[in-house]
Amino acid sequence: MAEERRGSWFGFGFCGFGQALGSGRGRQVHSPEPLETPGPGADVCRVSASWSYTAIVTRGGQVQLSGAAGGAAGGCRDAWASEALLVVLRAGPAVGSRPELQAWAPGSALRGEPLWTHTLVSEAEREDAAGGEPQARALPLLPGARAYVSPRPPFYRPLAPELRARRLELGGEHALLLDEAGQVFSWGQGRHGQLGHGTLEAAPEPRLLEALQGLPMAEVAAGGWHSVCVSETGDIYVWGWNESGQLALPTRSLAEDGKTISREAGWPSEGDSDVRTVGSEDGAPAPFIAIQPFPALLDLPWGAEAAQASCGSRHTAVVTTVPAE
């Protein structure tokens, strides 16, 4: 039997801070290049990228930072990078001790003492307590799915017992949660429509997206001020801010020709998109959508079905399935 080959990691884009993107030469990597790894032959299992630095985790338990933040540490299982905080899941300090969740200042180089430490219940203990098999989770959702970690204090935030979380994503000012039944909940600031409830109001507690009820979702992703989810049947839904075309809806940068923008005063009413117009070359108004406050079904080119979605601050990436022959 042929030996199984592990997948490779690639990087591309802006790397003016020295992030480990491809060759690292210059300020931009314009096409995918193999990621610089911490040491020859390092087996990378997790990459978490923030604006100015990247955290790379190997299967051997090493976490390595590159870019505006540097440093390395061992005994690491997972890492989650943000500009405000670097969160690391590490083995306990003694053999047989519980794993620890540590929050570090990115500029600390993982030296000294963390800003905050929380001891987690081990997976074996969770299995005994819950009476079932534990499932692997990815930061910022904590093992056991009973809480998540926030880049702002309080760092440890419990979830309501009735929320059986499968995935949790944090945007610039909001959070999305996908539960075991495929339902989507959102909370946080909503001034750009990123919560998907049809308004621009904030929601202090997780609130079910009623517009998606009855449509089981498989993936969720949160950008700076927009949101995306993928259904179990491969449909993709988008909502929130569309200032840079991150929702793939008509945007000002494409419609504007330098003429005066016209729109009714005030914010969009409940359930309405914030549709504005600019003058086109023939004088007719060219509409564009600045804010989409509720989920909109997005048609992908060539009838493709989505498998995964990921959001940057103001952009979205989608992976599609391979059509059956």
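How each quantity is defined
Here the residue numbering is sequential within each chain, running from 1 through the sequence in written order. The predicted nature of this model means local features are confined to residues of pLDDT at least 70 and side-chain atom pairs, given and counted, to a pLDDT of 80 or more, with totals for whole chains, interfaces and linings taken over all residues. To get the side-chain values, all heavy atoms of the structure are used, and hydrogens and water are removed first. UniProt positions are given in the numbering used here, feature names are shortened, and annotations may be inferred rather than shown by experiment. The criterion for strand pairing is that DSSP finds at least two bridges linking the strands in question. Starting at the N terminus, helices and strands are each numbered in turn, a helix being any DSSP run of H or I of at least four residues and a strand any DSSP run of E of at least two. Whenever Lys or Arg places a side-chain nitrogen within 4 Å of a carboxyl oxygen from Asp or Glu, that contact is recorded as a salt bridge. A simple rule labels every residue: compare its accessible area, found with a 1.4 Å probe on the protein chains alone, to the largest value its type can have, and call it buried under 20%, exposed over 50%, or partly exposed in between. Axis definition: a line fitted to C-alpha atoms, over the contacting stretch in the case of helices. Angles run 0 to 180 degrees between N-to-C directions.

- As annotated in an unreviewed UniProt entry, the protein chain carries the name RCC1 domain-containing protein 1 and is attributed to Enhydra lutris kenyoni.
- Regarding the protein chain, the relevant UniProt record gives this comment under Subcellular location (unreviewed entry): "Chromosome".
- The protein chain has a UniProt comment under Subunit (unreviewed entry) that states "Found in a complex with KDM8. Interacts (via N-terminus) with KDM8 (via N-terminus)."

Examining the pairing of strand β13 (residues 165-170)
Part 1 of the reasoning: As paired elements, β13 and strand β14 (residues 174-179) share five bridges and run antiparallel to each other. Within the sheet, the bridge partner assigned to L170 lies in β14 and is A175.

Details of the pattern of salt bridges
Part 1 of the reasoning: All told, the structure shown has six salt bridges when counted by the stated rule.
Part 2 of the reasoning: Salt-bridge contacts for R167 lead to E169; the nearest nitrogen and oxygen are separated by 3.0 Å.
Part 3 of the reasoning: Judged by relative accessible area, which is 31%, R167 ranks as partly exposed.
Part 4 of the reasoning: Within this structure, R167, E169 and E219 form a network of salt bridges that share partners.

Quick look at the sheet that holds strand β3 (residues 44-49)
Part 1 of the reasoning: Sheet architecture is open: four strands sit in the order β3-β4-β5-β6, paired in antiparallel fashion. Two strands in the sheet have a free side with no partner beyond their single neighbour: β3 and β6 (71-73). The sheet shows a mean angle of 15 degrees between the axes of neighbouring strands, taken without regard to direction.
Part 2 of the reasoning: In terms of strand pairing, β3 meets strand β4 (residues 53-58) through five bridges, oriented antiparallel. In the strand pairing of β4, R46 is matched with V57.

Re the pairing of strand β23 (residues 316-320)
Part 1 of the reasoning: Sheet topology places strand β22 (residues 306-311) next to β23; five bridges connect them, and they run antiparallel. The partner of A309 across the bridge, within β23, is V318.
Part 2 of the reasoning: The loop that links β22 with its antiparallel partner β23 comprises four residues.

Overview of the sheet that holds strand β8 (residues 86-90)
Part 1 of the reasoning: On the basis of which strands lie adjacent, the open sheet formed by four strands has the order β7-β8-β9-β10 and antiparallel pairing. Only two strands of the sheet have a single neighbouring strand rather than two, namely β7 (76-81) and β10 (116-119). Between one strand and the next, the sheet's axes are offset by a mean angle of 15 degrees, whatever the strand orientation.
Part 2 of the reasoning: Two strands pair when backbone bridges link them, and β8 and strand β9 (residues 100-104) are joined in this way by five bridges, in the antiparallel orientation. Within β9, the position partnered with L86 by the bridge is W104.

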